[in-house]
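# Tertiary structure, described
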Amino acid sequence: VKAGDDLENMFNMKMISQLIVEPPASPAVSLYPRRRFNDMLRCVAAYRGGINPWVNIGQLDNINGAECFERAALDVVVKYEDWFWEGKRATGEFKVSGLRSAEEDLAAFRLPGRPLLLLVFNDGRKPKKVAISCLSASKGAKWTDGLTGKPLGSGTSVSFEIDGHNTKVIEIEGADEAR
């Protein structure tokens, strides 16, 4: 057992506790197929990779479009696989407003020589305005939407709106661990 294991387990429990309230295989997935994207990425972030997308997928999920959101989530997992498997957790470097807390609604991973990866989760049905600041970001840091490639802002903080039942994937260039 390493010193960081307890912290890692606490993080996993907070992340996964959000799924227990309304698990992915619940009827809510059929009503809100977009949740599948959010829930799958939350699981991957909590468990540092490793998810079987074919577990608990019912006919209704495929009929109402959940499969499209599952494929989108798997695309994110493939693109950022190295961060999930080898990255160091960096969630403690962030302050957030507009969500419950950084520990519950953010997951960040640092990989040497690569941008800092940040996942922002909105488990609610309605869009939320979010403001996030990164303690390790320089004034010239660039925040980019990892899905669209569009810039979100620059500096130590950024504000944006995140859709309901969604995850915002953000790359931050210029966030050095040494700060």
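Above this text is the structure in question.
Summarised in this report is the structure supplied together with it. (Residues numbered from 1 in each chain as written. Predicted model: local features only at pLDDT ≥ 70, side-chain atom pairs only at ≥ 80, totals over all residues. Heavy atoms only, no water.)

Helix and strand content of the protein: 7 helices and 9 strands. For the protein, the accessible area works out to roughly 9,400 Å², and carbon and sulfur atoms hold 56% of it. (Helix = DSSP H or I, 4+ residues; strand = E, 2+ residues; numbered from the N terminus. Areas by Shrake-Rupley, 256 points an atom, 1.4 Å probe, with all protein chains shown as cover.)

Now for helix 3 (residues 35-47). Taking 1.5 Å per residue, 13 residues should reach 18 Å; helix 3 reaches 18 Å between its end C-alpha atoms and fits that length. Counting buried residues in helix 3 gives 12 out of 13 residues, a clear majority hidden from the surface. By the burial criterion, the buried members of helix 3 are Arg35, Arg36, Phe37, Asn38, Asp39, Met40, Leu41, Arg42, Cys43, Val44, Ala45 and Ala46. (Expected span 1.5 Å × (residues − 1). Buried < 20%, exposed > 50% of the residue type's maximum accessible area, 1.4 Å probe, protein only.)

Let us now look at the packing of aromatic side chains. Any pair of aromatic rings gets described here by the distance separating the centres and the angle formed by the planes. Inspection of every chain in the model, using the stated rule, returns 2 aromatic pairs. Seen from their ring centres, tyrosine 80 and tryptophan 83 are 5.3 Å apart, and the 70 degrees between their planes marks the pair as edge-to-face. The two residues tyrosine 80 and tryptophan 83 agree in class, both being buried. Against the face of phenylalanine 121 rests arginine 42, its NZ or CZ located 4.5 Å from the ring centre. (Phe/Tyr/Trp six-rings, centres within 6.5 Å; stacked < 30°, edge-to-face > 60°. Lys NZ or Arg CZ within 6 Å of the ring centre and 35° of its normal.)

Let us now look at the side chain of asparagine 38. In this fold, asparagine 38 is placed in helix 3. Take asparagine 38: its relative accessible area is 1%, and that puts it in the buried class. Of the polar contacts made by the side chain of asparagine 38, one reaches the backbone oxygen of asparagine 122; its length is 3.3 Å. Those residues in contact with asparagine 38 that lie beyond four places of it in its chain are Phe121, Asn122, Asp123, His165, Asn166 and Thr167. (Polar contact = N/O pair within 3.5 Å; in protein donor to acceptor, adjacent residues only side chain to side chain. Contact = heavy atoms within 4.5 Å.)

Where charged atoms from two side chains of opposite charge come close, those side chains can pair. Applying the stated criterion across every chain yields a total of 7 salt bridges. Aspartate 123 is paired through a salt bridge with arginine 100; the nearest N and O atoms lie 2.9 Å apart. Of this pair, aspartate 123 sits in the loop between strand 4 (116-122) and strand 5 (128-134) while arginine 100 sits in the loop between strand 2 (94-97) and helix 7 (102-105), and the two are 23 residues apart along the sequence. Aspartate 145 serves as the salt-bridge partner of lysine 168, at 3.2 Å between the closest nitrogen and oxygen. Of this pair, lysine 168 sits in strand 9 (residues 166-175) while aspartate 145 sits in strand 6 (residues 137-145); the two residues are 23 residues apart in sequence, bridging distant segments of the chain. Under the relative-accessibility criterion, aspartate 145 is labelled buried at 8%. Put simply, Arg42, Arg100, Asp105 and Asp123 are held in one network by salt bridges that share partners. (Salt bridge = Lys/Arg side-chain N within 4 Å of Asp/Glu carboxyl O.)

This next bit is on the pairing of strand 8 (residues 157-162). Judged by which residues are buried, strand 8 turns out to be one-sided: Val158, Phe160 and Ile162 face inward and are buried, whereas Ser157, Ser159 and Glu161, on the alternate face, are not. Taken together, the 6 bridges between strand 5 and strand 8 define a ladder with antiparallel strand orientation. When the sheet's bridge partners are listed, serine 133 is paired in strand 8 with serine 157. (Pairing = 2+ DSSP bridges.)

Ordered by their spatial adjacency, 3 strands build an open sheet running 2-5-8, and the pairing between neighbours is antiparallel. Single-partner strands in this sheet number two, and they are strand 2 and strand 8. In this sheet, neighbouring strand axes are inclined to one another by 20 degrees on average, regardless of whether the strands run parallel or antiparallel. (Axes fitted to C-alpha atoms, helices over the stretch in contact; angles between N-to-C directions.)

Counting through the fold element by element, lysine 88 comes out in strand 1 (residues 88-89). For the pair lysine 88 and phenylalanine 109, spaced 21 residues apart in sequence, the C-alpha separation works out to 5.4 Å.

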